[in-house]
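Structural overview for review
Below, each chain spelled out in residue letters.
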Amino acid sequence: MSRLNYHHLYYFWRIAVAGNLTNVAKELHISQSALSAQIKQFEHNMDVKLFELRGRRLNLTVHGHRVLAYAHDIFSKGEELESFLRKGSISEKQHLSIGVLTTLSRNFVESFISPLLANPDVSFSLTAKGMTNLLNDLANHELDLVLTNLPIGVDKKDPLWQTQLVSRQPLAIVGPKVNRIHDSFPNGYQNMRWVLPGQNTEIRAAFNSFCATWQYQPDVQAEADDMAMLRLLARDSGALVVLPPVVVKDEIEQGILEVYQRLPNVYENFYAITAQRKFVPEVLLALLKQQIDPELMN
């Protein structure tokens with residue numbers, strides 16, 4: 001006889017998504033002690049630890065995250081089946097919940113989601129958060145996808161995430177078109193003011209190495225990690241900025257800013273991160289396939 005009790009699995013699923021046993025007990029009209037006992041019995045039967053208590057919040061273990069992926073697929077399909085039996089049909093409209101790193105370029109995000117905007121059978125939501133919160137929401141299946149420019153570590157023994165490199169943008173020195181410097185770096189760049197990404201970013205590290213090669217010391221007027229803020233400063237400060245041109249593509253097209261020169265062999269990478277799961281929505285698979293850049297295949 002199978003050790004898997006689907007009532008126990010359902011209780012686990014509800015608690016894992018909510019992160020709070022008390023609230024789930026109230027929603028299910030069951031005592032907290034009885035619900036806790038059901039979860040302990042489930043862990044005993046499956047011989048695995050699913051939760052660990054941190055403060056007042058229940059957190060999933062590594063195995064808990066994996067079980068949640070299966071539970072989410074099982075009960076999401078069950079809800080879809082229930083809808084079909086009640087209404088006689090299943091809605092063809094699909095929804096994606098997309099998490100976006102708060103500092104990510106909005107121009108990149110808009111480009112990424114453009115296939116969704118052109119599809120009337122798809123709706124989506126965008127949520128901007130820090131990386132830790134994004135990954136937590138992804139693990140709890142509150143998000144289907146996370147967009148970021150930060151690589152994440154992968155546990156090869158028990159990977160939770162699937163990471164796809166969806167774009168690679170060259171970095172460039174960008175400045176006002178009216179003061180365009182035509183000389184090659186560092187000639188003509190003396191006494192120029194700079195607005196740069198923060199010290200702990202990959203872009204700044206790449207630019208620092210580039211400057212060191214030429215023994216050039218930039219006069220840094222301001223630093224900002226947020227790409228939206230860098231875009232505003234590039235537009236309004238009159239200083240030089242180092243960023244991917246896609247961030248300021250509108251200002252370049254309007255003739256406000258211009259690319260002075262690209263940094264050789266330096267790029268910003270953009271990643272799409274999904275959770276390991278058995279069932280992946282078709283609309284998400286199609287979106288990720290459309291993002292494959294032929295240049296990244298070489």
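Here the structure is shown first, and the text comes after it.
Overview of the structure. What you are looking at is a predicted structure, and each value in this text was computed from that prediction instead of being measured.

**Overview of helix α6 (residues 131–139)**
Every buried residue of α6 is listed here: M131, L134, L135, D137, L138 and A139. Just beyond α6, the residue with positive phi is H141, at close to 60 degrees.

**Description of the environment of G64**
As for its position among the elements, G64 is in helix α4 (residues 62–87). Along the primary structure G64 and F51 are separated by 13 residues, whereas in three dimensions their C-alpha atoms are 6.5 Å apart. Here G64 is in contact with F12, K49 and L50, once residues within four sequence places are set aside.

**Examining the sheet that holds strand β6 (residues 161–176)**
The strand order across the open sheet formed by eight strands is β4-β3-β5-β10-β6-β9-β7-β8, and the pairing between neighbours is mixed. Two strands close off the open sheet at either side, each with one partner strand: β4 (122–129) and β8 (219–223). Each strand axis lies, on average, 25 degrees off the axis of its neighbour in the sheet, ignoring direction. Here β6 runs beside strand β9 (residues 240–243); their pairing, made up of three bridges, is antiparallel. When the bridges of β9 are listed, A172 appears paired with L243. Against the sheet, helix α10 (residues 282–290) touches β3 (94–101), β4, β5 (145–148), β6 and β10 (257–275), its axis set at about 50 degrees to β3.

**Considerations on the pattern of salt bridges**
By the definition in use, this model includes eight salt bridges. The salt bridge partner of E251 is R231, with a shortest N-O separation of 3.0 Å. On the criterion of sequence distance, the pair formed by E251 in helix α9 (residues 249–253) and R231 in helix α8 (residues 227–236) is long-range, its members being 20 residues apart. Given the relative accessible area of 4%, E251 is considered buried. Through salt bridges with shared partners, a single ionic network connects R231, K249, D250 and E251.

**Section: the pairing of β4**
Pairing geometry for β3 and β4, over eight bridges, is parallel. What sits directly across from Q94, in β4, is V122. Viewed along the sheet, the connection from β3 through helix α5 (residues 106–117) into β4 turns out right-handed.

**Observations regarding unusual backbone geometry**
Residues F185 and P186 are joined by a peptide bond in cis, for which omega reads 5 degrees. By the element assignment, P186 lies in the loop between β6 and β7 (193–196). Not every positive phi belongs to a glycine, and N191 is a case in point at roughly 65 degrees. By secondary structure assignment, the location of N191 is in the loop between β6 and β7. Even without being a glycine, N265 presents a positive backbone phi close to 60 degrees. Mapped onto the fold, N265 is located in strand β10. Accessibility expressed as a relative area gives 71% for N265, which makes it exposed.

**Digging into the environment of N191**
Among the residues examined, N191 registers a relative accessible area of 78% and is labelled exposed. For the pair formed by N191 and D219, sequence separation is 28 residues and the distance between their alpha carbons is 7.3 Å.

**Observations regarding the side chain of N107**
The topology assignment puts N107 in helix α5. Residues in contact with N107, not counting those within four places in the same chain, are R231, V246, V247, V248, K249 and D250.

Criteria and cut-off values
Residues numbered from 1 in each chain as written. Predicted model: local features only at pLDDT ≥ 70, side-chain atom pairs only at ≥ 80, totals over all residues. Heavy atoms only, no water. Buried < 20%, exposed > 50% of the residue type's maximum accessible area, 1.4 Å probe, protein only. Helix = DSSP H or I, 4+ residues; strand = E, 2+ residues; numbered from the N terminus. Contact = heavy atoms within 4.5 Å. Pairing = 2+ DSSP bridges. Axes fitted to C-alpha atoms, helices over the stretch in contact; angles between N-to-C directions. Salt bridge = Lys/Arg side-chain N within 4 Å of Asp/Glu carboxyl O. Right-handed = clockwise from strand over helix to strand, strands pointing away.

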